[in-house]
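Chain residues, written in single-letter form:
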Amino acid sequence: MAMGKYSRVDGKKSSGYGLTITIVLVVSLCLVGAWMFMSSWSAPTESVDFSSNQTPKDVETTTKTYFTNEEFDKGSKTEETEVVTESNEEKPDPESSGEEKTEQVEEKKEFEDKNGEGDRKDGEGESESDETKQKEKTQLEESSEENKSEDGNGTEENTEENTEKKTEDSAGETEENTEKSTGDQAEITKESSSGSGAWSTQLVESQNEKKAQVSSIKWKVCNVTAGPDYIPCLDNWQAIKKLHSTKHYEHRERHCPEESPTCLVSLPEGYKRSIKWPKSREKIWYNNIPHTKLAQVKGHQNWVKMSGEYLTFPGGGTQFKNGALHYIDFLQESYPDIAWGNRTRVILDVGCGVASFGGYLFDRDVLALSFAPKDEHEAQVQFALERGIPAMSNVMGTKRLPFPGSVFDLIHCARCRVPWHIEGGKLLLELNRALRPGGFFVWSATPVYRKTEEDVGIWKAMSKLTKAMCWKLMTIKKDKLNEVGAAIYQKPMSNDCYNQRSQNEPPLCKDSDDQNAAWNVPLEACMHKVTEDSSKRGAVWPESWPERVETVPQWLDSQEGVYGKPAQEDFTADQERWKTIVSKSYLNGMGIDWSYVRNVMDMRAVYGGFAAALKDLKLWVMNVVPIDSADTLPIIYERGLFGIYHDWCESFSTYPRTYDLLHADHLFSALKKRCSLVSAMAEVDRILRPQGTFIVRDDMETIGEIEKMVKSMKWNVRMTHSKDGEGVLSVQKSLWRPTEVETVTWAIA
């Protein structure tokens, strides 16, 4: 020992043994006391969920609302109120924090099971159950199965799908395991939660890091060859240069980068807010799309002309130099059964040019979805969208169009430069897939009315092909004013003709071939049989417009709806819900100037209820059904609306600054499990016009993340609202662009 051998107390010599024992006992008691004190302390925890009455931590929000919590859901307008809230960290009660923590975990699991299907309280619908998820087919599943079938692979699981699913499941499993272990610890030990201490948990550290990454985003402007017109999946020059062939327009198809860009697209110099509809149909700002090549090449056909600070559109086209309205009436007179705006409501315009045909069909209550490739006809689709006309960049190439089968009432081609008759009619057979039984194909091209050797040869080949496809030539008429002609064909409504053909050419598709599978599915030269069973979709023509928009399709009778109710009941509940939300909240309670809203996108449409609720306004809605959601797009078309399949982990096939309003109902909470939320928001910024509106409905955690990102882009938060862990965010995009630049190497030509 360090002590001396002897010590002297009161002048007496004594042994140190007793003193040593005493010291050891004292030290031991101190250590035991310290251990008991430490054992009563637990590391601080942070709830993953945001409560219904506060915004995410570290976010100071000005909440502007024109309705109370209860009346927001009911849609009842109240006196304008302004509420300013600050989120402060609450210190939990040590005795109850363990139970609260367990309840929060259970609530989060219960909410995640709903898979973000929207506000479903107070009779507004029910959350999607696990059983329902298994029953509802997504476009991803349909397309994967179709690709598997075409590849001749007999296995039941698609490798690509499984890889993606495993990745998603792994992420979800990790999150669930974290919550489970946290909940179990709280249940077993009942340890109290403390707001301070020397130790932290992995949950807290990870959540804080995610928030820090979101709040520390440093946006940059994309340095790309396309400049302000950048479309990531169409301007991937690195992939395009590696193509072995461009014979089938492979270079015009989508080639998405492995990682979506997180930079922001620049603005054209002198950009102005788009001109309001309907004036925009006749003229747009030149500075918004400063391209003159098309005016030089097609000006004599009245496509587009330069006029000072404007680009003007006289309403003409290659086949209707004297105006689209005259041409539209000419087609109606040629075959009255077309019945624009009555029998014929939703059409597809192939190779649309600047889409004047679709632009003037609005006057006949017809929705025309126009598409053309991003090619030498510089900015034709961009012109159409700037004018306020539905259009998208696409090409008849090697893959199916991103639409279900049997949905368009009419398909139109006016000098669309597509060689329909070659390679067994593969491209025309793709239109046959998309065309509704009994629908019309209008072909206005030189082989119809000219007698040159080439035109006569093409006409003979087309006549042979259409006859073999059982298309009936209803009429051929010539427009004397425009000196053009049109042939109108009709697709059969029964299989009688198919069964009576002497040769099976073009062949009928296999029974296993799903005509609705359309996402990245290769084209196949075959025809699908027509549905003759009246209880199934396609056998009966929809109701006339406008009755069809609110008519529940009869073929939904035997199905279960997305939200768990019988499908027809589900459809009706969804329709009434969106009527209420739109009429009482969106139109009156968000401060949106609807006179500037023309091009609208519902980024996660289900039954099309949001679009249907806006039908009386002078606007159109692109209904997007994500590929991992229930495949409800055929229902949307049945209502006389249109839409497209898409994967929001990739960029959309549209030009920058083409939509006035984007609406996302419980999209991002599911999307962030598969891909980067930052890149998704960069895509939102790319698509949305400056001063356009972005409305998000989602759980409060996701709302908090998005709110931070839009604030970092200098967007104006117009309204936030929350109740029971669900929230609504409405923001307006600004003209702000970052000063730093990021070069996207694969987008440099």
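Residues numbered from 1 in each chain as written. Predicted model: local features only at pLDDT ≥ 70, side-chain atom pairs only at ≥ 80, totals over all residues. Heavy atoms only, no water.

The protein chain is annotated in an unreviewed UniProt entry as Methyltransferase from Brassica oleracea var. oleracea.

## Observations regarding the overall build of the protein chain
Just so we agree on the cut-off: Only DSSP runs of H or I with at least four residues qualify as helices, and only runs of E with at least two residues qualify as strands; both kinds are numbered from the N terminus onward. Between buried and exposed lies partly exposed: a residue is buried under 20% and exposed over 50% of the maximum accessible area for its type, with that area taken using a 1.4 Å probe on protein chains only. Only heavy atoms matter for contacts: two residues are in contact if any of them lie within 4.5 Å across the pair.
The secondary structure content of the protein chain amounts to 22 helices and 23 strands. Of all 749 residues assigned to the protein chain, the portion counted as buried reaches 54%. For the protein chain, long-range pairs separated by at least 24 residues make up 72% of all intrachain contacts whose partners lie at least 6 apart in sequence.

## Considering the sheet that holds strand β6 (residues 283-285)
We apply this condition: We treat two strands as partners when DSSP finds at least two bridges between them. Helix axes are fitted only over the stretch in contact, all axes being lines through C-alpha atoms; the angle between N-to-C directions runs from 0 to 180 degrees.
Reading across the sheet, the 3 strands line up as β6-β8-β7 and stay open at both edges, with antiparallel pairing between neighbours. Every other strand in the sheet has two partners, leaving β6 and β7 (305-307) as the edge strands with one partner each. On average, adjacent strands in this sheet sit at an angle of 30° to one another, irrespective of strand direction. Relative to strand β8 (residues 310-312), β6 is paired through 3 bridges, and the arrangement is antiparallel.

## Regarding the state of the cysteines
Where we set the bar: When the sulfur atoms of two cysteines come within 2.5 Å, that pair is taken as a disulfide.
For the structure on display, the rule yields 6 disulfides. Put simply, cysteine 413 and cysteine 416 are joined by a disulfide, and their sulfur atoms are 1.9 Å apart. Given an S-S torsion of about -85°, the disulfide between cysteine 413 and cysteine 416 has left-handed geometry. Of the two residues examined, cysteine 413 and cysteine 416, each falls in the buried class. One disulfide bridge connects cysteine 649 with cysteine 675, the sulfur atoms lying 2.2 Å from each other. A torsion of -85° about the S-S bond marks the disulfide between cysteine 649 and cysteine 675 as left-handed. Taken together, the positions of cysteine 649 in the loop between β18 (643-646) and β19 (659-665) and cysteine 675 in the loop between α20 (668-671) and α21 (677-687) put the pair 26 residues apart, joining distant regions of the chain. Here the two residues cysteine 649 and cysteine 675 agree in accessibility, since each one is buried. For the protein chain, the disulfide bridges join cysteines in the arrangement 1-4, 2-3, 5-6, 7-8, 9-10, 11-12, where the cysteines are counted in sequence order.

## Looking at the pairing of β19
Along β19, 7 of the 7 residues are buried, which leaves the element largely enclosed by surrounding structure. Two strands pair when backbone bridges link them, and β19 and strand β20 (residues 688-699) are joined in this way by 6 bridges, in the parallel orientation. By the bridge assignment, tyrosine 659 is partnered in β20 with leucine 688.

## Let's talk about helix α15 (residues 453-468)
Put simply, the rule is: What a helix should span is 1.5 Å times the count of its residues minus one. Arc definition: directions from the helix axis to the C-beta atoms.
Here α15 spans 23 Å end to end across 16 residues, near enough to the 22 Å set by a 1.5 Å rise per residue. If you check which residues of α15 are buried, you get Asp455, Ile458, Met462, Leu465 and Thr466. Looking straight down α15, one finds its buried side chains confined to an arc of 95°; they lie on one side. Structural note: α15 exposes Glu453, Lys460, Lys464 and Lys467 on the side pointing more than 90 degrees away from its buried face. Turning to α15, the residues buried within the fold contact α13 (426-434), β13 (435-444), α14 (446-449) and β15 (484-490). At the exit of α15 stands cysteine 470, carrying a positive phi of roughly 70°.

## With respect to the packing of α21 against helix α22 (residues 700-712)
Put simply, the test is: Roughly parallel here means an angle under 35 degrees, roughly antiparallel means over 145, roughly perpendicular means 65 to 115, and every remaining angle is called oblique. Take the far helix as the reference: if the near one is turned anticlockwise from it by less than a right angle, the crossing is left-handed, and if turned clockwise, right-handed. Any residue outside Ala, Val, Leu, Ile, Met, Phe, Trp, Tyr, Cys, Pro, Asp, Glu, Lys and Arg is labelled polar, Gly included; the first ten of those are nonpolar and the last four are charged.
Contact pair α21 / α22: the axes reach a minimum separation of 11 Å and the direction vectors enclose 55°. In terms of orientation, α21 and α22 fall into the oblique class. Viewed along their axes, α21 and α22 form a crossing whose handedness is right-handed. Residue-level inspection shows Leu677, Val678 and Met681 of α21 in contact with α22, the latter providing Glu705, Ile706, Met709 and Val710. Looking at the contact of α21 with α22, its residues break down into 6 nonpolar, no polar and 1 charged.

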